[in-house]
Amino acid sequence: MLHMNGDNTELYNIAELVDCKYGPPKVIPLWAVGPVLLYDLVHDGVIPAFTEALDVEDAPGVQPRLVPVYDEEDMRVGDLFVVVVSGSGRVGLFDNGNSVWVDANSVADALLSYEMGGE
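Here the structure is a predicted model, which is why all the values come from computation and not from measurement.

Definitions and limits used
Each residue is numbered by its place in its chain's sequence as written, counting from 1. Whole-chain, interface and lining totals are the exception, using all residues; otherwise, since this is a predicted model, local features are given only for residues with pLDDT of at least 70 and side-chain atom pairs are given and counted only at 80 or more. Side-chain metrics in this entry use all non-hydrogen atoms of the structure; hydrogen atoms and water are not considered. By the criteria applied, helices consist of DSSP H or I runs no shorter than four residues and strands consist of E runs no shorter than two, each listed in order from the N terminus. Only protein chains enter the accessibility calculation, which uses a 1.4 Å probe; a residue is then buried when its area is under 20% of its type maximum, exposed when over 50%, and partly exposed in between. Pairs of residues are marked as contacts when any of their non-hydrogen atoms sit within 4.5 Å. All accessible areas in this document rest on Shrake-Rupley with a 1.4 Å probe, and a residue is counted as covered only by the protein chains that are shown. The directions from the helix axis to the C-beta atoms are what the arc is built from.

Q: Hey, could you run me through the overall build of the protein chain in this one?
A: Tallying secondary structure elements over the protein chain gives three helices and five strands in all. Starting at the N terminus and ending at the C terminus, the protein chain contains elements arranged as α-β-α-β-β-β-β-α. Put simply, the protein chain has 119 residues, and 34% of those count as buried. Summarising the internal contacts of the protein chain: among those between residues at least 6 apart in sequence, 43% fall at separations of at least 24. When the accessible surface of the protein chain is totalled, it reaches about 7100 Å², and 53% of it is carbon and sulfur.

Pasting the structure below:
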C-alpha cells in the first residue's frame, strides 16, 4: 500500500515513472487483448460466452487498448494489453501471461494504480 506524506512525493514519482514507461494507448479489437482477459470478461458476465476469440471484435462498454512499454533509454520493450470496462470502475491489464485487475476508470489511472501495486 502506498503511504502518502504531506507533499505526495512518492505519488508524483510513480506518476513520472508512468509517463516515461508507457506510451499513449491505441484502440485495438477486443479479440487482440488475448484469451486471459477475454475469459475474465466472460466469467464476469461483461461479454457473452464465445467459442472463438477471433469472433469478438467489440462489446458495448468495453474499451480494449494496446499500451507500448519503454525502457530507460526510450526503447520499446513490449506492450501491455488493457481493457477498460466502462461504469464498473475496473480495468484489466495483461501482464506476463496473467490478468491483473485494478480499481480505475481510465487507462492512465489503471497504469498509475498498477505501478503503485494496487489491485
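From this point, things continue past the structure.
Q: Would you explain helix 2 (residues 35-43) in this entry?
A: Helical geometry: 3.6 residues make up each α-helical turn, so side chains three or four residues apart lie on a common side. Within helix 2, the full set of buried residues consists of L37, L38, D40 and L41. An end-on view of helix 2 places all buried positions within 160° of arc, on one side of the element. Projecting away from the buried face of helix 2 at angles above 90 degrees are the exposed residues P35, Y39 and H43. In the stretch just after helix 2, G45 is the one whose phi turns positive, near 80°.

Q: Can you walk me through unusual backbone geometry in this structure?
A: For residues that are not glycine, phi is negative in most cases, and the peptide bond is trans in most cases. Positive phi outside glycine occurs at D74, with the angle close to 60°. Mapped onto the fold, D74 is located in the loop between strand 2 (62-70) and strand 3 (76-85). The phi dihedral of N96 is positive, around 50°, even though this residue is not glycine. Along the chain, the position of N96 falls in the loop between strand 4 (90-95) and strand 5 (98-103).

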